[in-house]
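A closer look at the structure
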Amino acid sequence: MSDNNATKPGTSVRVEDGYWTPYQRLVRNTVLPYQWEALHDRIAGAEPSRAIANFRIAAGLQEGRFEGFVFQDTDLYKWLEAASYQLGSAFDPELERQVEEAARLIGAAQQADGYLNTYFTVAEPGKRWTNLADCHELYSAGHFIEAAAARYSCTGKTDLLNIAVKLADHIDFVFGPEPGKLRGYDGHQEIELALVRLYEATGERKYLDLAGFFIDERGQKPDFFHLEWEKRGRTSHWHPGVQKTPPSLHYHQAHLPVREQETAVGHAVRAVYMYAAMADLARLRQDEGLLAACRKLWSSIVHKQMYVTGGIGSTPIGEAFTIDYDLPNDTNYSETCASIGLIFFARRMLLLEVSSEYGDIMELALYNTVSSGMSADGKHYFYVNPMEVWPEASRGNPGKHHIKTERQAWYGCACCPPNAARLLSSLGHYIFTSDNENLYVHLYIGSEAEVQLVGGKAAIKLESGIPWKPEASLTITDLPAGNPFSIALRMPAWSSTLRLEINGQEADPDIRSGYAYLYRRWEQGDVIDIGFAMEPRRIYSHPQLRADVGKVALQRGPMIYCLEEADNEAPLAALSLPSVSEITEVPSEWSTGAVLLQARGERLRAPLEEETSLYRHSPPVVETCKLTFVPYALWGNRRSGEMAVWLRESL
């Protein structure tokens, strides 16, 4: 691991893709305007946000009391980050006006010493930094700093950056290892990622060092959260009265110093945000200890605690990881934000070391859980992304109330909608990276980009039929005269073969860590044609994954498939897919370009004479039926009903 060879994100990337461009247009034309109205409490029938009202009260522009969650400010901050990416790709005067309006409001709400948080300004002005375990002060600050860094890097505007620098300097004054400073860290990791971005935007080393302090301090003895809890009289922000037990260190990933952590534990979003920051610090500070920990934690998630869709967090209690192979289908959480955080982690691991597994998981989570998290109209969202839905149980079983059968218009805790918007708006940052000798293609998303290579910048155009068509091509549209270099193409795990041609001639790549390296002296106009194997494939789980033993799921390309009641008679649990059934591809009648899968299946029915018996001695009747599978990303866009990713495989 060296600075000279570290990969860097592709620059000046413009997405033009058959699958993702509609999402980006949806974010620009529908999602951001809709969320702007939601932040102002102007969406009829949706839960009020109160975010803008809180800032106005904190700024002294109106009277009132703080409402919403203690971290309500972040809804606006994530909106600002998404808006900044959109303005960086194409100027929009109305969107720019809204961002400038928000910047003025945030600046008016900032305190003279740089502190910025509407809850503690309005509701509890004397209790700053007294409950880091519960109250998300640094988390909220981090999301603002990320928004400011995005606006600066995308547009060059410093209105938000000036506020962010003042805020970060205040945090640096309060926290650190020096005498008189607070040796603490936040209950919800985010400030660490943000300070790295602020360092990259400003070049100020103190912000990188402060991020390193927050990472290194976590898990040290004595336990900061326990000391803090004792100091404030054993109280909690979330529960009234004196508490019998202190905050859970495992829930906050504070049970061990981070370099000693090997298993993903606790709140899933907090975990992957921290792991992503650890990867950033490992790269920027050449920290082999952090890199080793990142590798172990990555393996813990991907090989033992991740759903087939790229979802993570198997329990609603704490929105958390539980134990290895504990992945229930009908009660899982798989928060949209958690998969977004996993994508952050994957991308940063790719910047450290190029390995196809990171790109595979980034692609898996992006095309499945993240896509599923937002409806086709851009106005409804899933917070939870289940593997199995039974609407009656969601309504009648208290243990399944978190499983929604339809996307919601908004949430009181609305972290996921603007988080999805900021990821989709910054999608170009995830497609390419480069170093001195290689251009890496991680995602096959249609785009045009300028990338820094040996000898100067090259312009490239990537065209792609993914996820529906098994083809892509890369064209070099401009190239500086200079040395030969490699173009390294990820070999997706879902494709059994990869066909490569350069200007119509078959290529013989060098295969390393799941990437196909094509080394030559490239010329302007050179074209690489890429062909994938995209046949439907059956997926089976590890035998210790008890929820899915004896079951099968289907995948085609990066898309995981599921059954919906709209196409298959309920109950879906009575269906099975014979191991010998041929799986065929059919076009969708309700989603343009989408490919559905069909197969001969079997349905179990009770014998007519025993229809009312709950238990019986005679076996069920087996009937033949047609099964129709839809991409998981598209489920829930028609009508409410049952859904299942896994079904029994019959012999």
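A brief report on the enclosed structure follows.

**Brief notes about the overall build of the chain**
Within the chain, the secondary structure is distributed over 17 helices and 23 strands. For a compact globule of 651 residues, the expected C-alpha radius of gyration is about 26 Å, and the chain comes in at 25 Å, within 12% of that figure. Taken over the C-alpha atoms alone, the chain extends approximately 75 × 70 × 50 Å along its principal axes. Taken across its 651 residues, the chain has 60% of its residues classed as buried. Contacts in the chain between residues at least 24 apart in sequence constitute 69% of all its contacts with a sequence separation of at least 6. Accessible area of the chain: about 25,300 Å², with a carbon and sulfur share of 50%.

**Concerning the pattern of salt bridges**
In total, this model carries 49 salt bridges according to the counting rule given. A salt bridge links aspartate 526 to arginine 520; the nearest nitrogen and oxygen atoms lie 3.8 Å apart. Judged by its relative accessible area of 6%, aspartate 526 falls in the buried class. Through salt bridges with shared partners, one network takes in Arg14, Glu16, Arg25 and Glu448.

**What to know about the packing of helix α4 (residues 93-109) against helix α8 (residues 159-174)**
Packing of α4 against α8 leaves a shortest axis separation of 9 Å and a crossing angle of 25 degrees. By the angle between their directions, the pair α4 and α8 is classed as roughly parallel. In this structure, the crossing between α4 and α8 has a hand that is left-handed. Listed contacts from α8 to Glu100, Ala103, Ile106 and Gly107 of α4 are Asp159, Leu160 and Ile163. Classifying every residue of the contact of α4 with α8 gives 4 nonpolar, 1 polar and 2 charged.

**Section: the pairing of strand β20 (residues 595-605)**
Remark: a regular strand shows side chains that alternate across the two faces of the sheet. Taken across its 11 residues, β20 has 8 buried, putting it largely inside the fold. Sheet topology places strand β18 (residues 575-578) next to β20; 2 bridges connect them, and they run antiparallel. For serine 576, the partnering residue across the bridge sits in β20 and is glutamate 602. Examined bridge by bridge, strand β19 (residues 584-587) and β20 share 4 bridges and lie antiparallel to one another. Each residue of the ladder has a partner; that of valine 586, found in β20, is leucine 596.

**Re the packing of aromatic side chains**
The description of an aromatic ring pair rests on the distance of the ring centres and on the angle between the ring planes. With the rule as written, the count across this model stands at 31 aromatic pairs. Relative to tyrosine 23, the ring of tyrosine 19 has its centre 5.4 Å away and its plane inclined at 45 degrees; by these criteria the two rings are tilted. The exposure class of tyrosine 23 is buried, given its relative accessible area of 12%. Seen from their ring centres, phenylalanine 66 and tyrosine 119 are 5.1 Å apart, and the 85 degrees between their planes marks the pair as edge-to-face. Separated by 53 residues along the polypeptide, phenylalanine 66 in the loop between α2 (51-58) and α3 (73-89) and tyrosine 119 in helix α5 (residues 118-122) bring together distant segments of the chain. Overall, the relative accessible area of 10% leaves phenylalanine 66 in the buried class.

**What to know about the packing of helix α7 (residues 137-155) against helix α9 (residues 191-202)**
Two elements in contact, α7 and α9, have axes whose closest approach is 8 Å; the angle formed by their N-to-C orientations is 30 degrees. On the basis of the axis angle, α7 is roughly parallel to α9. The way α7 lies across α9 gives a crossing that is left-handed. Between α7, through Leu138, Ala141, Gly142, Ile145, Glu146, Ala149, Ala150 and Tyr152, and α9, the contact on the second element is made entirely by Ile191, Leu193, Ala194, Arg197, Leu198 and Ala201. Residue classes in the contact of α7 with α9 are distributed as 11 nonpolar, 1 polar and 2 charged.

Definitions and cut-offs
Residues numbered from 1 in each chain as written. Predicted model: local features only at pLDDT ≥ 70, side-chain atom pairs only at ≥ 80, totals over all residues. Heavy atoms only, no water. Helix = DSSP H or I, 4+ residues; strand = E, 2+ residues; numbered from the N terminus. Rg over C-alpha atoms; globule rule 2.2 N^0.38 Å. Buried < 20%, exposed > 50% of the residue type's maximum accessible area, 1.4 Å probe, protein only. Contact = heavy atoms within 4.5 Å. Areas by Shrake-Rupley, 256 points an atom, 1.4 Å probe, with all protein chains shown as cover. Salt bridge = Lys/Arg side-chain N within 4 Å of Asp/Glu carboxyl O. Axes fitted to C-alpha atoms, helices over the stretch in contact; angles between N-to-C directions. Parallel < 35°, antiparallel > 145°, perpendicular 65-115°, else oblique. Left-handed = near helix turned anticlockwise from the far one by under 90°. Nonpolar A, V, L, I, M, F, W, Y, C, P; charged D, E, K, R; others polar. Pairing = 2+ DSSP bridges. Phe/Tyr/Trp six-rings, centres within 6.5 Å; stacked < 30°, edge-to-face > 60°.

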